[in-house]
Amino acid sequence: MITIIKDKLRKNARLSLLIPFITIASIFIITPLIFLLVKIGENPAASKDMFTRQSTWLVVWRSVYLGFFAAVISLLLIGPFTYIVARSQSKSFKVLALGLIVSPLVVFTIAKVFALKGLLTKMFDDPEALKQNWVLVIGMVYLFSPFMVIPLYSVFSSMPKSLLEAAEDLGDNKIKVLIKVVIPYSLKAIFAGVAMVFMLSATNIVLSHSLLPEHSNLPLVGNLIDQNAVRMRQDAQAGAWGSTLSLITIFVMISVYAAIYFAPLVIRKLKGGVNV
């Protein structure tokens, strides 16, 4: 086997560039998955119990739809802003605008969460008013919307100006140009940004634990995994529960991400092969 690999590397030197990725993937992806499967195999009854619980799937569903709402809201807020910045002719404006939107990423997440919690607490005297899903969505948008800028800005800034001018010469107004040219041209970047914000929002741990008031009982799937991981030493079933939740989360998130990733391809097929 080793001899075959060496021969292939000798014939195609570019394959050697995969060695660092394969090494890292083996250590940080494949090995943890093996440990998860081992934990599930140690206590299959507990794993089955976690898999068949209605509460488990309610938490997964809450994580998915709140993460999706946060991603869509982030797109609606950040998309127009990023387009204006990317098409601006002023370099100083670009630097200032991108700095304002991206600079919060260097601040510790927990510090931003407590700052937002302090603001919401001042706005609402009753703590019960903050035990709502919309508070989680606000936190998700606040924390992760800057990640929407990364894919959108690169596409908007590289969009040929002649493409927009051609659409205007054909009689399209600004709104039609946006719908017929800008959105189709940047569709892959839009879905990439939505997928990025969705994954970060749906799997985070900090918001439900630190943003909401105590005993809010609105956990996300990351919180359940964290709780079982902490209890592993005291409860033998917790390891199987946490491992099962992790696999469920991996499967659901990959499925949603795949749906988002292949959406542009489906749209292109429905349009009869027009490149979007």
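Above this text is the structure in question.
As the structure is a prediction and not an experimental result, all values here were calculated from the model.

(A) Molecular detail of the overall build of the protein. Secondary structure assignment for the protein yields 14 helices and 0 strands. Counted from the first residue to the last, the protein has its helices and strands arranged as α-α-α-α-α-α-α-α-α-α-α-α-α-α. In terms of its C-alpha atoms, the protein occupies a principal-axis envelope of roughly 70 × 70 × 35 Å. Buried residues in the protein amount to 36% of all 276 residues. Restricting to contacts in the protein with at least 6 residues of sequence separation, those with at least 24 account for 73%. Counting every atom, the protein has about 16,900 Å² of accessible surface; 70% of that belongs to carbon and sulfur.

(B) Quick peek at the nonpolar core. Ranked by size, the top nonpolar core spans 54 residues in total, and within it Leu136, Met140, Leu207 and Leu211 carry the most contacts. In terms of residue count, the dominant contributor to this core is helix α4 (residues 54–87) (8 residues). Excluding residues that lie within four positions of it along the chain, Leu211 makes contacts with Val113, Leu116, Lys117, Leu120, Val135, Gly139 and Val206.

(C) View of the packing of aromatic side chains. Counted by the stated rule, this structure contains 5 aromatic pairs. Centre to centre, the rings of Tyr65 and Phe69 are 6.0 Å apart; their planes meet at 75 degrees, and the pair counts as edge-to-face. On the criterion of helical spacing, the pair formed by Tyr65 and Phe69 is a turn pair, its members being 4 residues apart in helix α4. Judged by its relative accessible area of 44%, Phe69 falls in the partly exposed class. Ring pairs connect the aromatic residues Trp61, Tyr65 and Phe69, which therefore count as one cluster. Geometry around Trp241 places Arg53 over its ring, the cationic atom sitting 4.7 Å from the centre.

(D) Geometry of the pattern of salt bridges. All chains considered together, the criterion is met by 2 salt bridges. For Glu42, the salt bridge goes to Lys39, with nearest N and O atoms at 3.9 Å. Placement of the pair is Glu42 and Lys39 together in helix α2 (residues 18–42), with a separation of 3 residues, close to one helical turn. Accessibility expressed as a relative area gives 31% for Lys39, which makes it partly exposed. Between Asp49 and Arg53 there is a salt bridge; the shortest N-O distance is 3.0 Å.

(E) Expanded view of a nonpolar patch on the surface. On the surface, Ile24, Ile27, Phe28, Ile29, Ile30, Leu33, Ile34, Phe35, Val38, Ile250 and Ile254 cluster together into a nonpolar patch covering about 1,000 Å² of accessible area. Those elements giving two or more residues to the nonpolar patch turn out to be α2 and α14 (236–270). Counting residues per element, the nonpolar patch draws most heavily on α2, at 9 residues. Inspection of the secondary structure assignment puts Ile34 in helix α2.

(F) Summary view of the side chain of Asn223. Mapped onto the elements, Asn223 comes out in helix α13 (residues 221–230). Separated by 3.0 Å, the side chain of Asn223 and the backbone nitrogen of Leu220 make a polar contact. Once residues within four sequence positions are removed from consideration, Asn223 is found in contact with Asn204, Ile205, Ser208 and His209.

(G) Structural context of the packing of α4 against helix α8 (residues 146–158). Across the interface, α4 lies against α8 with an axial gap of 9 Å and an inter-helix angle of 35 degrees. Classified by chirality, the crossing of α8 by α4 is right-handed. Residues Ala71, Ser74, Leu75, Ile78, Gly79, Thr82, Tyr83, Val85, Ala86 and Arg87 of α4 lie in contact with α8, whose contacting residues are Met148, Val149, Leu152, Tyr153, Phe156 and Ser157.

Reading the values: the criteria
- Residues numbered from 1 in each chain as written.
- Predicted model: local features only at pLDDT ≥ 70, side-chain atom pairs only at ≥ 80, totals over all residues.
- Heavy atoms only, no water.
- Helix = DSSP H or I, 4+ residues; strand = E, 2+ residues; numbered from the N terminus.
- Buried < 20%, exposed > 50% of the residue type's maximum accessible area, 1.4 Å probe, protein only.
- Contact = heavy atoms within 4.5 Å.
- Areas by Shrake-Rupley, 256 points an atom, 1.4 Å probe, with all protein chains shown as cover.
- Core = buried A, V, L, I, M, F, W, Y, C linked by side-chain atoms within 4.5 Å.
- Phe/Tyr/Trp six-rings, centres within 6.5 Å; stacked < 30°, edge-to-face > 60°.
- Lys NZ or Arg CZ within 6 Å of the ring centre and 35° of its normal.
- Salt bridge = Lys/Arg side-chain N within 4 Å of Asp/Glu carboxyl O.
- Patch = residues over 30% accessible without salt bridge, like charges linked within 9 Å, V, L, I, M, F, W, Y side chains within 5 Å.
- Polar contact = N/O pair within 3.5 Å; in protein donor to acceptor, adjacent residues only side chain to side chain.
- Axes fitted to C-alpha atoms, helices over the stretch in contact; angles between N-to-C directions.
- Left-handed = near helix turned anticlockwise from the far one by under 90°.

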